[in-house]
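Architecture and fold: a report
One letter stands for each residue in the lines below.
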Amino acid sequence: MLKGVLFSLTASFLFGCLYYLAIHLRPLAGESVFGIRMVLTLPCLFLALLLFKKWNEFSLFLQRLKREPKLFLVIFITSAIVGGQMWLFLWAPNSGKAIEVSMGYLLMPIVMVAFGKIFYKELLSRNKWLAIIFAFIGVVSNIILAGKLSLESVFVCTGYPIYFYLRRKFGLSHLHSFVFEIAFLVPVAIYFISKTDMQAVQQVNPHIYIFIALLGIISGAALISYTLASTILPFNLLGLLGYVEPCVMLLISFLIGEKLNPDAYILMSCLLIAILLLILDGIQAVRRSHRKHKAQIKVK
């Protein structure tokens with residue numbers, strides 16, 4: 001269990017490092033960074049299949065795709081969604097939108113809870129209802145004060161729930177489909193890379209290739225760490241630890257010099273309260289699961 005927690009925290013820390021690394025990739029455009037990351041990610045995924053001995057399962061998935069070719073369309077859609085999210089993730093720190101994207105990641109767990117209620121008729125605890133209410137108050141306050149909710153925040157907090165919903169609905173919630181999602185993005189990635197004048201970039205940033213190497217190493221290590229955590233930890237605890245990443249992203253947003261707009265103070269406060277409520281709910285769920293497991297052992 002402890003090993004799984006450490007892998008999850010390591011993954012969150014490494015994803016935060018990627019957020020910070022983005023500012024050292026200047027003057028590369030967001031599209032170029034996205035392209036390089038996708039090309040570097042694909043071999044890491046095949047390495048993960050090898051490390052976790054998933055080749056047989058991957059072969060079975062290939063057979064399933066042959067039987068159900070319509071899944072290619074679904075994977076194409078999920079690929080477009082996750083590709084947009086990955087582009088935004090590394091574009092935001094260099095575009096003054098790091099806080100907005102971080103707020104989207106803070107909003108996402110609450111939207112996921114709402115999705116679960118609407119589409120899967122999941123029962124919500126009191127803490128989850130309170131989290132949704134606080135998030136709603138925060139969003140409404142931001143719309144009233146600022147006149148809108150950041151498009152970047154909306155894209156993150158709605159895009160991922162749709163992505164996870166489609167993967168779950170069509171039985172694609174595994175590493176194998178993610179390999180295809182990234183593979184679909186590689187042609188676009190190569191196009192973006194081909195349009196990049198690396199000589200001009202290197203004149204401005206002489207260490208750019210070192211930072212690109214770090215991009216590949218950190219991306220791969222983060223992916224493998226999270227995959228290891230997902231194979232060790234119970235789902236509730238994995239979800240609970242998932243709140244660490246957006247908090248790290250928010251801290252890095254402040255570290256790189258961004259400031260929170262006064263119009264968003266109420267929204268941020270409500271989101272932090274909502275996240276704390278979800279964390280409390282997750283802790284209670286983990287404790288209940290632990291007690292139930294101990295009771296089952298005693299009965300045996």
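Fair warning: this is a prediction, and the values are worked out from it, not measured in the lab. (Residues numbered from 1 in each chain as written. Predicted model: local features only at pLDDT ≥ 70, side-chain atom pairs only at ≥ 80, totals over all residues. Heavy atoms only, no water.)

In this section: the confidence of the model for the chain. Per-residue confidence for the chain gives a mean pLDDT of 85; residues scoring 70 or more make up 94%. The weakest mean pLDDT in the chain belongs to helix α11 (residues 235-241) at 65; the strongest belongs to helix α3 (residues 55-67) at 93. (pLDDT = per-residue confidence, 0-100. Helix = DSSP H or I, 4+ residues; strand = E, 2+ residues; numbered from the N terminus.)

Turning our eyes to something else, we now look at the packing of helix α4 (residues 71-91) against helix α8 (residues 175-194). In contact at an axis separation of 8 Å, α4 and α8 are set at 70 degrees when each is read in the N-to-C sense. As far as their axial angle goes, α8 and α4 are roughly perpendicular. Contacts from Phe72, Ile75, Phe76, Thr78, Ser79, Val82, Gly83 and Met86 in α4 reach Ser177, Phe178, Phe180, Glu181, Ile182, Phe184 and Leu185 in α8. Residues of the contact of α4 with α8, tallied by class, amount to ten nonpolar, four polar and one charged. (Axes fitted to C-alpha atoms, helices over the stretch in contact; angles between N-to-C directions. Parallel < 35°, antiparallel > 145°, perpendicular 65-115°, else oblique. Contact = heavy atoms within 4.5 Å. Nonpolar A, V, L, I, M, F, W, Y, C, P; charged D, E, K, R; others polar.)

Applying the stated criterion to the full structure yields 17 aromatic pairs. Ring centres of Tyr19 and Phe89 lie 4.9 Å apart, and the angle between their planes is 45 degrees; this geometry places the pair in the tilted category. Separated by 70 residues along the polypeptide, Tyr19 in helix α1 (residues 2-21) and Phe89 in helix α4 bring together distant segments of the chain. Here Tyr19 falls in the buried class, since its relative accessible area comes to 0%. Overall, the relative accessible area of 5% leaves Phe89 in the buried class. Three or more aromatic residues link up through ring pairs in this structure, and these residues are Tyr19, Phe89, Tyr105, Tyr160, Tyr163 and Phe164. (Phe/Tyr/Trp six-rings, centres within 6.5 Å; stacked < 30°, edge-to-face > 60°. Buried < 20%, exposed > 50% of the residue type's maximum accessible area, 1.4 Å probe, protein only.)

Attention shifts here to the UniProt feature "transmembrane region" (unreviewed entry) in the chain. Residues annotated by UniProt as "transmembrane region" (unreviewed entry) correspond here to residues 5-22, 34-52, 72-90, 102-120, 127-144, 178-194, 206-228 and 263-283. Helix and strand shares over residues 72-90 are 100% and 0% respectively, and the end C-alpha atoms of the span are 27 Å apart. Secondary structure over residues 102-120 splits into 100% helix and 0% strand, and the C-alpha atoms at its two ends are 27 Å apart. (UniProt positions renumbered as here; feature names shortened; annotations may be inferred.)

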